[in-house]
Amino acid sequence: MSTEVVGLGRRRFLNTAALTGLTLGVAACNDKPETAPAASGPSAAAPAAHASSATHLKPGELDTYYGIWSGGHTGDMRILGLPSGREIHRIPCFVPDALVGWGLTNESKAVMGTKPDGSLRYTVADTHHTHASYKDGNYDGRYAWINDKINSRIARVRLDYFVCDKITELPNVQGFHGIFPDKADPVDPAINYTTRVFCGAEFAIPLPNNGGDINNPEKYRSMFTCVDAESMEVRWQVLIDGNCDLTATSYDGKLAATNQYNIENGVHYEDMMSSERDACLFFNIARIEEAVKAGKFKTVGTSKVPVVDGTRESNKDPKTALVAYVSVPKNPHGVNASPDAKYFICAGKLSPTATVIELSKVLDWFDGKLPELDKAIVAEVEIGLGPLHTAFDGRGNAYTTLFLDSQVVKWNVDAAIKFHAGDKTAKYVVDRLDVHYQPGHINASQSETRAADGKYLAVGCKFSKDRFLPVGPLHPENEQIIDISGDKMVLLADHPVRGEPHDFIIFKRDLLKPKQVYDINDFPLAIKDSKESGVTRNGKKVTVKITSQAPAFSLREFTVKKGDEVTLILTNLDKIEDLTHGFAIPKYNVNFIVNPLETKSVTFMADQPGIFWCYCTHFCHALHLEMRTRMIVEA
Ligand code: K7E
Ligand code: CUA
Ligand code: CA
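Residues numbered from 1 in each chain as written. Chains lettered and ligands numbered in written order. Predicted model: local features only at pLDDT ≥ 70, side-chain atom pairs only at ≥ 80, totals over all residues. Heavy atoms only, no water.

Enquirer: Tell me what's going on with the overall build of the protein chain, and back it up with residues and numbers.
Expert: Along the protein chain, the regular secondary structure elements total eight helices and 39 strands. The C-alpha atoms of the protein chain give a radius of gyration of 26 Å, which matches the 26 Å a tight globule of 635 residues would have. Expressed along its principal axes, the backbone C-alpha trace of the protein chain runs to roughly 85 × 65 × 45 Å. Taking the intrachain contacts of the protein chain between residues at least 6 apart in sequence as the baseline, contacts between residues at least 24 apart amount to 62%. Surface summary for the protein chain: the accessible area is close to 26000 Å², and the carbon and sulfur share equals 54%. Taking the 70 positively charged and 78 negatively charged side chains of the protein chain as two groups, their mean positions are separated by 2 Å. (Helix = DSSP H or I, 4+ residues; strand = E, 2+ residues; numbered from the N terminus. Rg over C-alpha atoms; globule rule 2.2 N^0.38 Å. Contact = heavy atoms within 4.5 Å. Areas by Shrake-Rupley, 256 points an atom, 1.4 Å probe, with all protein chains shown as cover. Lys, Arg positive; Asp, Glu negative; His and termini not counted. Charge placed at Lys NZ, Arg CZ, Asp CG, Glu CD.)

Dropping the structure here:
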């Protein structure tokens, strides 16, 4: 093998020293790696003219790809255009949003979840992973899902209107992290589209988590959860030893996997790194669902969700096992499915390796045809320091982020398999490119589909250091765009982004058919005719119905009394694209927008007497500033 692997060999220190390595890597991330990677020279050269112009669209020119990004602790989903990298939209999901009134309107509160007093159950979130629904191995433009790690919630976004329509909180788990929709049904070939979403939980907890077993870490367990893609109800859970990290699904629907870095079941940080190998768990979906159907489950605490037993002890016999524990090097992170549907690739994180697992062999093990499960590992090769996530170009190459090396390594999967099988002349590392700095997630255009097209690669760099104008102590992150259409990777652009997005997907723009005007019939409270506007009273409960049509609201004024509980319903009767109105009430902490033919409502106590100019906050017309109505609250 080439010198770079020899170099890596010398730095094969990643056991207990790995922690120091991580810290050092971050603190001194302008340092070059000890051994200069062979291929980074040519790659780091100035981008080819044709390539660099790709990210600079002419005014009025549209992008060719959509990107769906997680927002991170902003709790929302970002929509980008690629290759420009322009952010077009943010879809609020888990956290209130002042522009649209998410978390303020009754409709959004119903999606987000409230306490008995009507206030929001949660106002913080930490989104990491976002993936979209599939059909025939490609995105079908129906839904995208995103996780909230803090409160273990999964949100669904409708990709016709780009709005969050459902949020489900997972029972019995903490630290819900990895998420992936299935791509087909494991049994019924006619169902070649997403019907389930799998969710991995990163933190093990005592079960039930109600104050018992706090000091019995050996009793702490994690679960792998299946959510129904349509109803968003939790279908089942699998109790496992250890924990879950990232999640992947096979193209035939038969297998889902999660990487596990805490095989040790440690509750203290150091304990989680004591074993040389951890695991990638493969879930046999058909068998799990048969077990649930046959009543072979229990429930935990107050949850009614069926929980099947996926622990090691109970899954030793391949013929009946629900879960297979394939061993992978120390503290793996990402697991990604190759677009040829053959392999899952686990990134080593604390090991400088990538592990290639052949799915047909895992299925052989479940069929009793592969005596030794770890024989499903067809390659385990060194690629660089701190491998986290892997993308694909559809031409047999994988691109893995190296957190510690601040690089992307392009490597050939078939060559890696040959090398692992003993052909030491097989050169699997194709190229290396420096990125800036400490990359986490990576994805290529169409990467996680059968239609991987190998055009663009985006990399989410966790540290931006010196790449942008300084703005005080908080640095943005750096999202870099790379051309991967040739042999060498070419860095095209840097984009700053507010912290911190993690995962994302990139796909051809014609896979989505967004609607830009709502159907008024989608809203039960819609006021279809401005003549229905007015105030109705039922004791202390008052309903105000109002419509908007540029440049006026249907009511010039309306009157309520101090102490009333007011529900204000607003329908935007403008039916042309891009004609959004806002509705703000001073001193009442109300502001939300209504898009064409959309209806929203807010409920508040009229506790301050006076007059309040409710005005349109969204520029809609030459008379936008005049667009208002007077709320009179009688003392
Ligand atoms: Cu690597 Cu939460 Cu996907 Cu971030 S995880 S990078
Ligand atoms: Cu309506 Cu501004
Ligand atoms: Ca471990």
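Enquirer: Can you tell me about empty space enclosed by the protein, naming the residues and giving the values?
Expert: A complete count under the given rule lists four cavities of 30 Å³ or more for this structure. If you add up the space inside the largest cavity, you get close to 100 Å³. Lining the largest cavity are 15 residues, and of these His-131, Asn-336, His-441, Glu-448 and Asp-503 sit closest to its centre. Counting residues per element, the ones that place at least two in the lining of the largest cavity are strand S8 (174–181), strand S17 (335–337) and strand S25 (439–444). Looking at the lining of the largest cavity element by element, the count peaks at three residues for S25. (1 Å grid on protein atoms, 1.4 Å probe; cavity = no way out; pocket = protein on both sides within 12 Å on 5 of 7 lines; lining within 4 Å. Points joined across faces, edges and corners; volume = space filled by probe spheres on them.)

Enquirer: Could you give an account of unusual backbone geometry, naming the residues involved and the relevant values?
Expert: The linkage connecting Leu-82 with the following residue, Pro-83, adopts the cis geometry, with an omega of 10 degrees. Mapped onto the secondary structure, Pro-83 falls in the loop between strand S2 (76–82) and strand S3 (86–92). For Ser-152, which is not glycine, the phi dihedral falls at a positive 50 degrees. Here Ser-152 lies in the loop between strand S5 (138–148) and strand S6 (153–158). Within the chain, Lys-587 stands out as a residue other than glycine whose phi angle is a positive 65 degrees. As for its placement among the helices and strands, Lys-587 is situated in the loop between strand S35 (581–585) and strand S36 (590–594). Since its relative accessible area comes to 67%, Lys-587 is described here as exposed. (Buried < 20%, exposed > 50% of the residue type's maximum accessible area, 1.4 Å probe, protein only.)

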